[in-house]
Amino acid sequence: GCALFDRTACEVAEAVFAEASSDHFDAEKALRYRRINCDHGGWRSCEDLARIYYNLGEFVPAEQVAAKACDPGQAAHQSICEFASSLRKRRQETERALVNRREAQRRRQAERERASEVVQSFLRQGRYDSAIYVAIYHSRQLGDARAALEATLQAGALGSVYKDHLYVLNHWFPSGRLNA
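If you're wondering where the values come from, they're calculated on a predicted model, not measured in any experiment. (Residues numbered from 1 in each chain as written. Predicted model: local features only at pLDDT ≥ 70, side-chain atom pairs only at ≥ 80, totals over all residues. Heavy atoms only, no water.)

Q: Please set out the state of the cysteines residue by residue, giving values where relevant.
A: The full count for this structure, using the stated rule, is 2 disulfides. Bridging C38 to C46, the disulfide has an S-S length of 1.9 Å. Note on the C38 and C46 pair: the S-S dihedral is about 100 degrees, so by sign convention the disulfide is right-handed. The exposure classification of C38 matches that of C46, with both residues buried. Two residues share a disulfide in this structure: C70 and C81, whose sulfurs sit 2.1 Å from each other. (Disulfide = S-S within 2.5 Å. Buried < 20%, exposed > 50% of the residue type's maximum accessible area, 1.4 Å probe, protein only.)

Right, here's the structure in full:
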C-alpha cells in the first residue's frame, strides 16, 4: 500500500479521499496523500496542494510547492509554472510594499519626533504661539498640542496665541481647561 510508497496505491488513495462526491471523501486524508504524492514527484498532486495552500491563505507554502512542481521543459506543467511565477511575483511585490510601508512609517515617526522637539524648544523659549502652531500643523500629535496648551495656560500666555489656533485646539479638545 501507500505506507510502503506504492505509487499507484498512493495516487488511488488521494483520488478516493479527494473526490467530494465519494462516500470515502476525507479532506484531511486527501491532503496527507497529496503531500506524499507531491513529495515523491507527483507534480499534479503538487499543483493541487499548492492551490489548496493558496486558497487557505498559506502563500509561502503554496509558492514553494508550486515551484517544486514546475518543470519548464514539460508543456503539461505550464499552468503550475505560471501559478508558481504569479505567486513569486505576488510575494516579491508584497515584500516590497511592506518595506516601503515600514520606511514611510519610520520617516513619519522621525518627522513627528523632530516636530515634538521643535514644540519643546519653542516652549522653553516662551514662544507659546509657535509651539502650538507646530503642534497643530507639523507634529499633529495630541500629546504635543496638550503640552503646548498646558504650558501656555500655566504661563498665562493665552492672549499671545493666534485666535485661529485656539479654535483648532477647541476642536481637538472639546472639553477641558480651554473651554472652562
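Q: So what's going on with a positive patch on the surface? Which residues, and what values?
A: Among the surface-exposed residues, R101, R102, R106, R107 and R108 lie close enough to one another that they form a single positively charged patch. With respect to the element layout, R107 can be found in helix α5 (residues 78-124). (Patch = residues over 30% accessible without salt bridge, like charges linked within 9 Å, V, L, I, M, F, W, Y side chains within 5 Å. Areas by Shrake-Rupley, 256 points an atom, 1.4 Å probe, with all protein chains shown as cover. Salt bridge = Lys/Arg side-chain N within 4 Å of Asp/Glu carboxyl O. Lys, Arg positive; Asp, Glu negative; His and termini not counted. Charge placed at Lys NZ, Arg CZ, Asp CG, Glu CD. Helix = DSSP H or I, 4+ residues; strand = E, 2+ residues; numbered from the N terminus.)

Q: So what's going on with the nonpolar core? Residues and values would help.
A: Across soluble globular proteins, nonpolar side chains have a tendency to be buried as a group. If you look at the biggest cluster of nonpolar residues, it comprises 19 residues, and the most contacted ones within it are V119, L123, A131, I132, A148 and L169. Residue assignment for this core shows that the elements contributing at least two residues are α5, α6 (128-139), α7 (142-154) and α8 (163-172). Not counting residues up to four positions away in its chain, the partners in contact with A131 are V119, F122, L123 and A148. Residues L31, L49, A50 and A62 belong to the second largest nonpolar core, which totals 16 residues. (Core = buried A, V, L, I, M, F, W, Y, C linked by side-chain atoms within 4.5 Å. Contact = heavy atoms within 4.5 Å.)

Q: Describe the packing of aromatic side chains, naming the residues involved and giving the relevant values.
A: Inspection of every chain in the model, using the stated rule, returns 4 aromatic pairs. Each ring, one from Y133 and one from Y137, has its centre 5.0 Å from the other, and the planes form 45 degrees; the classification is tilted. Highlighted residues: Y133 and Y137, both in helix α6, separated by 4 residues, approximately one helical turn. Y133 gets classed as partly exposed once you look at its relative accessible area, which sits at 37%. Through successive ring pairs, a cluster of aromatic residues spans Y54, F59 and F83. Sitting over the face of the ring of F83, R51 holds its NZ or CZ atom 4.1 Å from the ring centroid. For R90, the ring lying beneath its charged end belongs to F59, and the centroid distance is 3.9 Å. (Phe/Tyr/Trp six-rings, centres within 6.5 Å; stacked < 30°, edge-to-face > 60°. Lys NZ or Arg CZ within 6 Å of the ring centre and 35° of its normal.)

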